[in-house]
Amino acid sequence: MVATFEPKSEYKVIGTRPIRHDGLDKVTGRAIYGADIKLPSMIWGAILRSPHAHARIKSIDTSAAEAMDGVHAVVTNADLPQAGDKMVDLGEGVTNLKWAVDNILASDKALYAGHAVAGVAAVDRYTAEEAARAIKVEYEVLRSATNVDDTIDPDMPAILEEFVGSPGAEESGHANHVKEFTHEFGDPDAALAEADHVIEGEFSLEMVHQGYIEPHNATAVWDEDGRLKIWTSTQGAFTVRQQVAAVMQMDESKIRVTPLEIGGGFGGKIPIYLEPVAAALSKKAGNVPVKIIMERRSVFEGSGPAAGGKITLKLGATKDGKIVAADSVLRMEAGGYPGSLVGASGMCIYACYNIPNMRIVGYDVLVNKPKVAAYRAPGSPQVAFAIETLVDDLCEQAGFDKWQFRRDNAAKEGTRRGDGPIFPRIGMEEVLDAAKETDHWNSDIGEASPGRVRGRGFASGYWFNVGLQSSVNLSLNNDGTVELVEGSTDIGGTRASIAMQAAETLGISAEDVNPTVVDTDTVGFTAVTGGSRVTYATGYAAYNASIEMIDKLKVRASRLWSIDEEDVQFEDGVFSSKSDSELSIGFKDLAGKLDDTGGPVTSTGSVDLEAAGGAYGTHICDLEVDPETGKTDVVRYTIVQDAGRAIHPSYVEGQMQGGAAQGIGWALNEEYYMSDDGVMSNSSYLDYRMPTSLDLPNIETVIVEVPNPVHPYGVRGVGEVPIVPPVPAVGNALKNAIGIRLRETPMNAGRIVAALDS
Amino acid sequence: MHPFAYEAPTTIEGAVAVLDKHGDRARPIAGGTDVLVQARANRWDLDAIVDVKNIPELTQISHYPDGSVSIGAATPCYQIYEDQKIRDSFPGIIDAVEMIGGIQIQSRAALGGNLCNSSPSADGICPLIAYNAVCHIAGPGGDDDHRDVAVEDFCTGPGSNVLGRGEILVSMVLPAPGDNFGAAYERFIPRNEMDIAVAGAGVSVKLSSDGSTFEAARVALAAVAPVPLVVPAAEAALIGNAVSDDVIEAAAQAAGAAATPIADMRGTIEQRKHLSAVLTRRMINKSVERARG
């Protein structure tokens, strides 16, 4: 039974904007990031990577590297525990352990250009890099494919032999094209046949990267007693522990992971890449600490971007503007190993609408590109591009008002999501209503610069958010301040949002709670910072710990006053007797009397949450286009989003703006541009064209609050859904501006000019 | 990248000696915004980098009575765009030095470095060609070892140029533009800063005293050929003809036709040819505007 809560309208701490607890250290450069770690006797590691997109590794000769001055150790896949045919669950469902190990260091085959093949540890970084270049690898280059069409060519060899003859591959006809699911409800074929308006489209997206500024890093050392200690920038210390334990085939309890400050993750810092290599090098070098930092090119080529792919979608509607059916096929690129997150795409594609007859078929497509990882609402922006584009086109074709059509078909409590679940209370309708009330919606689009034209578009998006497990420890200081210890790494201001929920519950100020993110030895299991779950789930754990602390303090007050525990109540930060109005004491004063009433007070909170409460957003985009050059500029942009309850509105707004910025980059310019032989050509921030501050307007935000009934403060996750609507919102604005409909990303200048020319 | 020496000579002779000693295992460095990135990417196998910023001749801007100007090869972009006389007389150069990289980059990056890096997409080279600039080069043969090479003849391929062993670019000399002269440079990038040209056009025109006719013209294109591309056909389409949309369009089309770009992550062949024409037309118009004051 899931507990439900009645929303309160007034709070003392929640909804305010205190300075974040970690802010001063960050703006003064004192915060410790992965690159800052220095340990006694520490040496440096470097990674040799495959220059080939698809190649059999015939031999690896490390002798020249080992002979170099200053080199302490060289490792290859052979130095890692051999996986055999073990299956493991690393948080994304059961997978083949060999794939997890091989993605760390390739064994028999390199599956993408940039695939790690060997590691070296040496006295300094440059010596390690030079030694890595001295390793001789004999490759047999195989035919490679870096897109959906090429990889299912009958002559393209299987990227992973394990799929040859597998049921999913049998059904699709190619080992690189594995069918994952079919979700079907009602009778989509009949409904489409009978629909008054039918529209269909094929959409194509290039792979994109999260683009965090801080590269991956790891430092590892073995204790004399065989414990492995790791320092790394990660979205989850416990998930690093779990993955390293699987790859190194050791007990999780023998590993301590210390999470450092993280310079961006967006989902990409959930998988491990360097940790087992650093650990293997440390062991081989005599248990000295080994530190590895990826260079930028390797971050692009060797970490986990977001899936590109191909989506076909067909929509049918009645002449009265009701959607009657939808049918889609999703072919999402997984990279060299399975895991495109097509399942999440299937959960999201129809989630904005009430669609009575539907089908979704999902394929995981192996290509010779890096293994896909989570990227902010993984799988949802791609399918939002398809449906929100096609909804716009359907409205134009049938003469429906684009807002009214969306409002009439909006998902609400009781609507069935494409993959089966029935929605609880959600805020899609409220978000659409609020979008129509924004200043942006009600303002003229303005005059374009000479020679240019402007257009406006809007689109909506959904992300389901997750709950999972979190733990929080509290300890009360004698001055009434509270130490809050948590396991959720802070990538978006969550120290503040968790501390604020504790403070609200305890009746003290946000500044009186001191949040600290700690290592895996020091707090209970806490799942990854992902799924927009931290403010929701870890905040819930902080609430539970705070309730436990209040209960303990009620006992202390009863002892102080020699009355029954049941006679003590707590309200607005004050403990008092229900029966004797003379007896009352503030939280801080009571904290000063712990010595007299039984000693220290500590408390813990742990949660394991299933229901998360999905979130919706609607974005409005004004785009200016130079039809002669294809140059685009987003001139105005507004985000409307349901936050459930905004704990710290500034960080909610920051998440909304950041997500939109990434989505706008995805829409207009970002892509993995692959050479004919399967190498990423633009693996630098010079040519991987993320928007800079000069490429974006000040993004306006409107927070809608439809409290989440299963959270004590009504929180819904906010971090991911803002990246979902931008791609179609920008595309719809482009269509409005120049009349050209692009169904592929990036919608860059070259494509715009080519479309205008034809 | 392996350890290399850092040399910082204070004279041209000193720099030439070090460069001559190491040959292609040494690179001169001004702002370092290209060389350091390339060194880290193992493009060079270096024994030494030779910092030329301590050599007075390479960091000076000299204005001469006849209206010409000499810009030291290592002069950073910001010093150029903060020089009021260059702003007044050579606005086409200002177009380029204000757009290379971003503000931080412009504080280090040198116009001469942009030329010596010899990238086809360099923003600094086409406007130098438009102003008929000449490179002043010193060599290892002592005081008498100098030669002058027109900027349009300087680059020989992507990343390569006429500099031989021990030679160093000292300065670029821009002749006085004279009356009724205008020049401009523009590039296309998908973003608004911190990007490399998909295509660029540097143009200059000299008009008749009444402003009605093209008497001289230069048209140079960036990022559409192995070297910054001078387009004689576009120049010929202008020279001797009346200033009109048709004449300008003919020159623009000639530029588009002359472009021989490659397709890469920055743009397609069709896009670059198209942009060559569009940018040439725009820069001719802007040059005419400037020429007419």
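Some thoughts on the overall build of chain A
Then, number 1: Summing up its helical and strand segments, chain A has 21 helices and 28 strands in all.
Then, number 2: In terms of overall size, chain A behaves like a compact globule, its C-alpha atoms giving a radius of gyration of 27 Å where 758 residues would be expected to give roughly 27 Å.

Focus: the overall build of chain B
Then, number 1: Helix and strand content of chain B: 12 helices and 14 strands.
Then, number 2: Its C-alpha atoms give chain B a radius of gyration of 19 Å, within 12% of the compact-globule value 19 Å for 293 residues.
Then, number 3: With the C-alpha coordinates of chain B rotated into their principal frame, the extents come out at 60 × 45 × 30 Å.
Then, number 4: For chain B, the proportion of its 293 residues judged to be buried stands at 54%.
Then, number 5: Counted over contacts in chain B with a minimum sequence separation of 6, partners at least 24 positions apart contribute 65%.

Brief notes about the interface of chain B and chain A
Then, number 1: With 20 residues of chain B in contact, the opposing surface of chain A contributes 22 residues.
Then, number 2: No other element matches helix 12 (residues 269-291) of chain B, which puts five residues into the side of chain B that touches chain A.
Then, number 3: For the side of chain B that touches chain A, the class distribution of residues is eight nonpolar, six polar and six charged.

Observations regarding the domain arrangement of chain B
All names here are of chain B.
Then, number 1: Looking at the assigned domains, one finds that chain B contains domain 1 (5-51), domain 2 (56-174) and domain 3 (181-291).
Then, number 2: For domain 2 versus domain 3, the separation of C-alpha centres amounts to 20 Å.
Then, number 3: Opposite the 23 residues of domain 2 that make contact, domain 3 presents 25 residues.
Then, number 4: A total of five residues in the side of domain 2 that touches domain 3 trace back to one element, the largest contributor, which is helix 9 (residues 125-130).
Then, number 5: For the side of domain 2 that touches domain 3, the per-class residue count stands at 13 nonpolar, seven polar and three charged.

A closer look at the pairing of strand 7 (residues 116-122) of chain A
All names here are of chain A.
Then, number 1: Of all seven residues that make up strand 7, seven are buried, and the element is covered over most of its length.
Then, number 2: By the bridge criterion, six bridges tie strand 1 (residues 43-49) to strand 7 in an arrangement that is antiparallel. For Ala-46, the partnering residue across the bridge sits in strand 7 and is Val-120.

Side note on the domain arrangement of chain A
The accessible area lost on association of the parts is a frequent measure of interface size.
All names here are of chain A.
Then, number 1: Under the domain assignment used here, chain A contains domain 1 (23-31 + 466-609) and domain 2 (143-417).
Then, number 2: Using only C-alpha atoms to locate each centre, domain 1 and domain 2 end up separated by 37 Å.
Then, number 3: Across the boundary between the two partners, domain 1 contributes 14 residues, which contact 17 residues of domain 2.
Then, number 4: Taken together, the residues that form the side of domain 1 that touches domain 2 break down as six nonpolar, six polar and two charged.

Digging into helix 15 (residues 494-506) of chain A
Residue and element names in this part refer to chain A.
Then, number 1: Taking 1.5 Å of rise per residue, the 13 residues of helix 15 would be expected to cover 18 Å, and the 18 Å separating its terminal C-alpha atoms lies within 8% of that figure.
Then, number 2: The buried fraction of helix 15 amounts to 13 of the 13 residues, a majority that puts the element mostly inside the structure.
Then, number 3: Gly-507 occupies a position one or two residues after helix 15 and carries a positive phi of about 75 degrees.

Describing unusual backbone geometry
Residues and elements named next belong to chain A.
Then, number 1: In the segment running from Thr-745 into Pro-746, the intervening peptide bond is cis, with an omega of -5 degrees.
Then, number 2: Summarising the element assignment, Pro-746 is placed in the loop between helix 20 (726-738) and helix 21 (749-757).
Then, number 3: A positive phi angle, close to 65 degrees, is found at Leu-468, a residue other than glycine.
Then, number 4: Its 21 C-beta neighbours within 10 Å are what place Leu-468 among the buried residues.
Then, number 5: The phi dihedral of Asp-572 is positive, around 50 degrees, even though this residue is not glycine.
Then, number 6: Turning to its location among the elements, Asp-572 is positioned in the loop between strand 22 (568-571) and strand 23 (574-577).

Description of the sheet that holds strand 25 (residues 602-609) of chain A
Residues and elements named next belong to chain A.
Then, number 1: Taken in spatial order, the four strands make up an open sheet running 21-20-19-25, and their pairing is mixed. For this open sheet the edge positions go to strand 21 (513-517) and strand 25, each flanked by a neighbour on one side alone. Along the sheet, successive strands turn relative to each other by an average axial angle of 20 degrees, direction set aside.
Then, number 2: Summarising the sheet, strand 20 (residues 482-486) and strand 21 pair through five bridges and their orientation is parallel. Counterpart to Glu-483 in the pairing with strand 21 is Asn-514.
Then, number 3: Here helix 15 sits on the sheet in contact with strand 19 (468-476), strand 20 and strand 21, set at roughly 140 degrees to strand 21.
Then, number 4: Its contacts with the sheet place helix 16 (residues 534-561) against strand 19, strand 20 and strand 25, and it is angled at close to 145 degrees to strand 25.

A look at the pairing of strand 28 (residues 700-704) of chain A
Residue and element names in this part refer to chain A.
Then, number 1: Pairing of strand 27 (residues 632-642) with strand 28, which is carried by five bridges, proceeds in the parallel orientation. From the neighbouring strand, Asp-642 faces strand 28, where its bridge partner is Val-704.
Then, number 2: Note on the crossover from strand 27 through helix 19 (residues 649-668) to strand 28: the handedness is right-handed.

A closer look at the nonpolar core
All names here are of chain A.
Then, number 1: Counting 240 residues, the largest nonpolar core has Val-120 and Val-730 as its most contacted members.
Then, number 2: A per-element tally of this core places helix 16 first, with 11 residues.
Then, number 3: Each of domain 1 (23-31 + 466-609) and domain 2 (143-417) gives at least three residues to this core.
Then, number 4: Leaving out residues up to four positions away in the same chain, Val-730 has contacts with Gly-457, Cys-621, Leu-623, Ile-664, Ala-667, Leu-668 and Met-747.

Concerning the sheet that holds strand 23 of chain A
Residues and elements named next belong to chain A.
Then, number 1: In spatial order, the strands read 22-23-24; together these three strands make up an open sheet with antiparallel pairing. Edge positions in the sheet fall to strand 22 and strand 24 (584-586), since each has one partner strand and no second. Neighbour-to-neighbour, the strand axes of this sheet turn through a mean angle of 20 degrees, independent of strand direction.
Then, number 2: Two elements, strand 23 and strand 24, share three bridges in a ladder whose sense is antiparallel.

A look at the packing of helix 19 of chain A against helix 20 of chain A
Residue and element names in this part refer to chain A.
Then, number 1: For the pair helix 19 and helix 20, the least separation of the axes is 8 Å and the interaxial angle reads 55 degrees. Judged by the inter-axis angle, helix 19 sits oblique to helix 20. Crossing of helix 19 against helix 20: the hand is right-handed. Together, Ala-660, Gly-663, Ile-664, Trp-666, Ala-667 and Leu-668 of helix 19 and Pro-726, Val-727, Val-730 and Gly-731 of helix 20 make up the contact between the two elements.

Details of the packing of helix 11 (residues 245-258) of chain B against helix 12 of chain B
Residues and elements named next belong to chain B.
Then, number 1: Where helix 11 meets helix 12, the axes come as close as 7 Å, and the angle between the chain directions of the two elements is 145 degrees. As for how helix 11 packs across helix 12, the hand of that crossing is right-handed. In this structure, helix 11 uses Ile-248, Glu-249, Ala-251, Ala-252, Gln-253, Ala-255 and Gly-256 to contact helix 12, whose residues at the interface are Lys-273, His-274, Ser-276, Ala-277, Thr-280, Arg-281, Ile-284 and Asn-285.
Then, number 2: Residue classes in the contact of helix 11 with helix 12 are distributed as six nonpolar, six polar and three charged.

Regarding helix 11 of chain B
Every α-helix carries 3.6 residues per turn, so stepping three or four residues along brings you back to the same face.
Residue and element names in this part refer to chain B.
Then, number 1: The first and last C-alpha atoms of helix 11 sit 20 Å apart over 14 residues, in line with the 20 Å expected at 1.5 Å per residue.
Then, number 2: Those residues of helix 11 not exposed but buried are Ile-248, Ala-251, Ala-252, Ala-254, Ala-255, Gly-256 and Ala-258.
Then, number 3: The inward-facing, buried residues of helix 11 contact strand 12 (199-207), strand 13 (214-222), strand 14 (229-230), helix 10 (232-238) and helix 12.

Analysis parameters
- Residues numbered from 1 in each chain as written.
- Chains lettered and ligands numbered in written order.
- Predicted model: local features only at pLDDT ≥ 70, side-chain atom pairs only at ≥ 80, totals over all residues.
- Helix = DSSP H or I, 4+ residues; strand = E, 2+ residues; numbered from the N terminus.
- Rg over C-alpha atoms; globule rule 2.2 N^0.38 Å.
- Buried ≥ 20, exposed ≤ 12 C-beta atoms within 10 Å, placed from the backbone.
- Contact = placed C-beta atoms within 7 Å.
- Nonpolar A, V, L, I, M, F, W, Y, C, P; charged D, E, K, R; others polar.
- Domains from an automatic or database assignment.
- Pairing = 2+ DSSP bridges.
- Expected span 1.5 Å × (residues − 1).
- Axes fitted to C-alpha atoms, helices over the stretch in contact; angles between N-to-C directions.
- Right-handed = clockwise from strand over helix to strand, strands pointing away.
- Core = buried A, V, L, I, M, F, W, Y, C linked by C-beta atoms within 7 Å.
- Parallel < 35°, antiparallel > 145°, perpendicular 65-115°, else oblique.
- Left-handed = near helix turned anticlockwise from the far one by under 90°.

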